[in-house]
Amino acid sequence: MAILPGGGDLRMAVLVRDEKSLSALEMALLLPLFVLIIMGGFEIWKLMMLKRALYIGTYQAARLLASYGPLSEADRYRYAEQFTMSELQGTGLYSSQMSLENIRAFYTDADPRTSGVQTCAEAGLHCGWQPVRVEAELVVLVQIPFFERRGRGLFPLRLKGTCDHNPCRECE
């Protein structure tokens, strides 16, 4: 048994050195996993906030379109795009790698209680509003660390937002 200066045991010194190198090796192997989990968590949070903003934007557009009565298709599209885009940009997460697509805003039949008529007034509710549906789709390029697809590492993800607004219920 070899004795180190200062009275230490050589076997103990080797064991301590091996444990330090083992800890460094464990950290080197686990660090990418921790980074992946943290960055993935941020991306998921970001997607959840964008999905929420997409829903709120379609809700606001549907409510406005229902309250203004009959509008042209171009006006309905313009209002739906304006409200949805405003809400998305308000999150601070909207970027140039995202695109708002497939925006649709159209009048729907009223609920079954009104026998499928087009307007609340025809159902005996004199507010003049019409049920409306707004749909929008947000295409987000999601970056996943350590994965590459076609050399870019960006994966397209489609978030859909839909809102049906029936103002006849508010007239009652």
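Small disclaimer: the values here were computed from a predicted structure and weren't measured.

We now examine the pattern of salt bridges. In total, this model carries eight salt bridges according to the counting rule given. Two residues, Arg78 and Asp75, come together in a salt bridge whose shortest N-O distance is 2.9 Å. In this pair, Arg78 and Asp75 are both assigned in helix H2 (residues 73–90), three residues apart and thus about one turn of the helix distant. The exposure class of Arg78 is partly exposed, given its relative accessible area of 41%. Asp75 gets classed as partly exposed once you look at its relative accessible area, which sits at 26%. A salt bridge links Arg133 to Asp164; its shortest N-O distance comes to 2.7 Å. Remark: Asp164 occurs in strand S3 (residues 154–165) and Arg133 occurs in strand S2 (residues 132–143); sequence separation between them is 31 residues. You can call Arg133 partly exposed: its relative accessible area is 23%. When salt bridges with common partners are traced through the structure, they connect Glu101, Glu137, Arg158 and Lys160 into a single cluster.

Definitions and limits used
- Residues numbered from 1 in each chain as written.
- Predicted model: local features only at pLDDT ≥ 70, side-chain atom pairs only at ≥ 80, totals over all residues.
- Heavy atoms only, no water.
- Salt bridge = Lys/Arg side-chain N within 4 Å of Asp/Glu carboxyl O.
- Helix = DSSP H or I, 4+ residues; strand = E, 2+ residues; numbered from the N terminus.
- Buried < 20%, exposed > 50% of the residue type's maximum accessible area, 1.4 Å probe, protein only.

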